[in-house]
Structures are given as C-alpha cells and as structure tokens.
Amino acid sequence: MKLKTTIILSAGFATLCAGAGAFSAEPFSGYTLLRQETRAMQDDDFSNPGMEAVAKGAAMFTAIGKSGKSCSTCHGEDGKQLDAKHLARYPVLDARTKRPITLQQRVINEWAEQNGNAPLKYESDEALALEAYVRGLARGQTVNVQTDGAMAPFYEAGKKLYETRAGQLNMACSSCHDDFAGQKLRAQVLSQGQTNGFPLYRLATGKLTGSQTRFNQCYDAFRANPYPFGSEEYTLLELYANARGNGLKIETPAVRF
Ligand code: HEC
Ligand code: HEC
C-alpha cells in the first residue's frame, strides 16, 4: 500500500515537473479549491462536522478543574475576555521561555497549570477540541504572525525546515506547496498548504485534525520521517506555516477533503 502510494506520487510529481511551476506569493486559502458542497458544509455551523469538537472544547472551557477554576473563571463565560486579534498571532513568543509557543501548547499549559487538571497529550482529541474552541473565537480575524524582531531567527529556522528536502522522494514542503500550488497533482489541485482553517475536519479521515497531524500526513505522503507532536521542530514549522498565511482569515473549524 505504502509502495503503491509512492509510485502514484512519483508519477504525479513527474507530471507536475513537466509543467513549469509558477510560484504565487499571494496567499490563498484551501477553501477556494473546495467543491461547492464542501464550502457550504463549512459555512453552515449546523452541518459543519468540526462543530462537534468545538462544542466539546466549549464544555471543557467552562468545566471546573482541581484548582476550583475553569477557563471561563478568568477569561469570561464565552472566552470574551480573550483578545481574538492576539489569538490570530499564534505562535507567539512566550514571555517565560522567550521561544515561540503554539496555541495548542498554550491551552495545554493552561489546562494543567491554571485549572490543575491532568496534562493533555499534544494532538489528542481533548487538546484539539480545546484548541479548536479557542481558535474558533478568532474566526474571521486576520492571521498576523510576527516574523521580525526577536521572532526572526525562529521564523528563518521554520522556513529552513519547510524547504529541507527529505525522504525517499527527496521532497520538501515547498516542493508541493510553493512550487506547484494551484496546479494539478493527479486528480487533485494542490493548495498552498495554508493553516488558517486548523484544527479542521477532514472528510477523508472523518476526524478533527490538527496542523501537526496534517504535517505528519504530508511527511508520510512523501515518505519522510515526521517529527514528534509538540517538538521544537514542529513548533518552528507551524510558526512558518502560519506566517505564510498572514493576511488570510481564520476559518476554524474548516472542512477539507
Ligand atoms: C486563574 C486564571 C486563569 C485560568 C483559570 C485560565 N487562564 Fe488563561 N490566562 C490567564 C492569564 C493571567 C493569562 C496571561 C494573559 C496574558 O498573557 O496577557 C492567560 C493567558 C491565556 C491565553 C493566551 C492569550 C493570548 O492572547 O495570548 C490563552 C489562549 C488562555 N489563557 C486560555 C486558557 C484556557 C483554555 C484555560 C482553561 C484550560 C485558561 N486559560 C485558564 C489566566 C487564567
Ligand atoms: C507531494 C506533495 C506534498 C508535499 C511535499 C507536502 N504536501 Fe502538504 N498537502 C499535499 C496535498 C495533496 C494536500 C491536500 C490538498 C491540498 O490542500 O493541497 C496537502 C495539504 C496540506 C495542508 C492542509 C491545507 C488545507 O487548507 O487544509 C497543510 C497545512 C500542508 N499540506 C502542509 C505541508 C507541510 C508542512 C509539508 C512539509 C512537511 C507538506 N505539506 C508537504 C501535498 C503535499
């Protein structure tokens, strides 16, 4: 099965290489490539299958932890006291560590440190539900990740990971999402691999999917080894991936194939 995927991908990539890759720097959301029915599903909260996880995250947000507090004790009943514009800036520099921190890592930390609960595993259903609820509070906000100043070296390190070729197919993220975005890979038109809809619901797997799980799926697609969830590498990769989408609107929870 794996071998078959490789052959199909290689064949698809050879076809891609035959047509010159036009790199478009203007970011566009994966939403623009969706079929009409899938867009309609995303746009309607009642039919968007990602809303189930968001509802679960909302319940977690108001659940009292061992500290006697819930998230809403400090951030308001519906998270109103969180700054949606700032949520659209993640990953941000963590004041404590002076290193980038993803939104999922932030909510995982808050869950344990502020609420006194048992730690959540990165990319677990619970961590994703809570992240989806919190990022969903910023739906419609403009992605605005810092790339300069103290963030610059981290951004550059993320960019380097994005452009590093690996695996049996000797490809990088940029091989598909920069060089061939907007072009056909077999039956599918490639997107820029934007993260503005994450966590999102994947129809192909029937699951709420975090951006780092999607990174794993892409590494697997080009037969390279992924990094562990929540690792330094994935934090940097998420930083760069999110920043590539600066200017796009947050769609969480998006629906994708
Ligand atoms: C005891 C009060 C308290 C509780 C309980 C609490 N938080 Fe916080 N939270 C804070 C404070 C204080 C900050 C820091 C504010 C800042 O950095 O400006 C913060 C920061 C955050 C941020 C970062 C906001 C930003 O703009 O970067 C998020 C997201 C967040 N909390 C989510 C949660 C979630 C989810 C929970 C429940 C699991 C939770 N918090 C529980 C007090 C609390
Ligand atoms: C062999 C081509 C290929 C490579 C290389 C590749 N991807 Fe993808 N990626 C895809 C395909 C196909 C999809 C699903 C359709 C689409 O959105 O383009 C996808 C989707 C994505 C998405 C979801 C976009 C959305 O709107 O839902 C993200 C994020 C992503 N890729 C990131 C990455 C990252 C990070 C890397 C490097 C680790 C990478 N990809 C490498 C082919 C690739």
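Here the structure is a predicted model, which is why all the values come from computation and not from measurement.

Student: How would you summarise the domain arrangement of the protein if you had to cite specific residues and measurements?
Tutor: According to the domain assignment, the protein consists of domain 1 (2-44 + 144-256) and domain 2 (51-136). Computed over C-alpha atoms only, the centres of domain 1 and domain 2 are separated by 24 Å. Listed per partner, the contact involves 28 residues of domain 1 and 21 residues of domain 2. The interface formed by domain 1 and domain 2 contains one salt bridge. The partner of Arg 99 in a salt bridge is Glu 232, with the nearest N and O atoms 2.7 Å apart. Where domain 1 packs against domain 2, one counts eight residue pairs in polar contact (both at pLDDT 80 or more).

Student: Can you break down the coordination of the iron atom of ligand 2 residue by residue, with the values?
Tutor: On the protein side, the iron atom of ligand 2 has His 177 (NE2) and Cys 218 (SG) as donor atoms, found 2.0 to 2.3 Å from it. In this structure, the iron atom of ligand 2 is coordinated by six donor atoms arranged in octahedral fashion, with angles at the metal of 87 to 179°. With a gap of 41 residues between them, His 177 in helix 9 (residues 173-177) and Cys 218 in helix 10 (residues 211-221) connect regions that are remote in the sequence. Since its relative accessible area comes to 23%, Cys 218 is described here as partly exposed.

Student: Summarise the site of ligand 2; cite the residues concerned and give the values.
Tutor: Around ligand 2, the surrounding shell holds 22 residues, and the nearest of these are Cys 173, Cys 176, His 177, Ser 191 and Cys 218. A distance of 2.6 Å separates an oxygen atom of ligand 2 from a polar side-chain atom of Ser 191. Between ligand 2 and Arg 256, the relevant distance is 2.9 Å, taken from an oxygen atom to a side-chain nitrogen or oxygen of the residue. Counting only elements with at least two residues in the shell around ligand 2, the list comes to helix 9 and helix 10.

Student: Please provide a residue-by-residue account of the nonpolar core, values included.
Tutor: Counting residues in hydrophobic clusters, the biggest one holds 51 residues, and the most contacted among them are Leu 120, Leu 130, Val 134 and Leu 237. Counting residues per element, the ones that place at least two in this core are helix 3 (51-62), helix 5 (84-87), helix 6 (103-113), helix 7 (125-136), helix 8 (152-163), helix 9, helix 10 and helix 11 (232-244). Viewed by domain, this core spans two of them, domain 1 (2-44 + 144-256) and domain 2 (51-136), each represented by three or more residues.

Student: Explain the coordination of the iron atom of ligand 1 to me, and be specific about the residues and the numbers.
Tutor: Those protein atoms acting as donors to the iron atom of ligand 1 are His 75 (NE2) and Glu 110 (OE), and they sit at 1.9 to 2.0 Å. Here the iron atom of ligand 1 binds six donor atoms, and the angle range of 87 to 179° at the metal identifies the geometry as octahedral. Taken together, the residues span a long stretch of sequence, with His 75 in helix 4 (residues 71-75) and Glu 110 in helix 6 at a distance of 35 residues. Since its relative accessible area comes to 26%, Glu 110 is described here as partly exposed.

Student: Outline the pattern of salt bridges, listing residues and values.
Tutor: As enumerated under the stated definition, the model contains ten salt bridges in all. Put simply, Glu 113 and Arg 96 hold a salt bridge, and the shortest N to O gap is 3.5 Å. Residue Glu 113 is located in helix 6, and its partner Arg 96 is located in the loop between strand 1 (92-93) and strand 2 (100-101); the two are separated by 17 residues in the primary sequence. Looking at Arg 96, the relative accessible area reads 61%, which means it is exposed. Where Glu 163 meets Lys 159, a salt bridge forms, and the shortest distance between an N and an O atom there is 3.3 Å. With Glu 163 and Lys 159 both in helix 8 and four residues apart, this pair spans about one turn of that helix. A relative accessible area of 36% means that Glu 163 is categorised as partly exposed.

What counts, and where the lines are drawn
The written sequence of each chain sets the order in which its residues are numbered from 1. Here chains are named by letter from A upward and ligands by number from 1 upward, in the order in which they appear as written. Two thresholds apply to this predicted model, a pLDDT of at least 70 for residue-level local features and 80 or more for giving and counting side-chain atom pairs, whereas whole-chain, interface and lining totals are computed over all residues. Remark: hydrogens and water are excluded; side-chain values derive from all non-hydrogen atoms of the structure. For the domain bounds, the source is a domain assignment made automatically or taken from a database. For this analysis, residues touch if any pair of their heavy atoms sits within 4.5 Å. One side-chain nitrogen of Lys or Arg within 4 Å of one carboxyl oxygen of Asp or Glu is enough to make a salt bridge. Counted as a polar contact is a pair of N or O atoms within 3.5 Å, where, for protein atoms, one must be capable of donating a hydrogen and the other of accepting one, and residues adjacent in sequence contribute only when both atoms are in side chains. A donor here means an N, O or S atom no more than 2.8 Å from the metal, or no more than 3.2 Å when the metal is Na, K or Ca. Since water is not included, a site may seem to lack partners. Only four donors with every angle between 85 and 135 degrees are called tetrahedral; only four or six donors with opposite donors over 155 degrees apart and all others between 65 and 115 are called square planar or octahedral, in that order; all others are irregular. Helix numbers and strand numbers start at the N terminus; a helix is a DSSP run of H or I with at least 4 residues, a strand a run of E with at least 2. With a 1.4 Å probe rolled over the protein chains alone, any residue whose accessible area is under 20% of its type maximum counts as buried; one over 50% counts as exposed, and the rest are partly exposed. Any residue with a heavy atom lying within 4 Å of a molecule or strand is counted as near it. In this description, a nonpolar core means a group of buried Ala, Val, Leu, Ile, Met, Phe, Trp, Tyr and Cys residues linked to one another through side-chain atoms lying within 4.5 Å.

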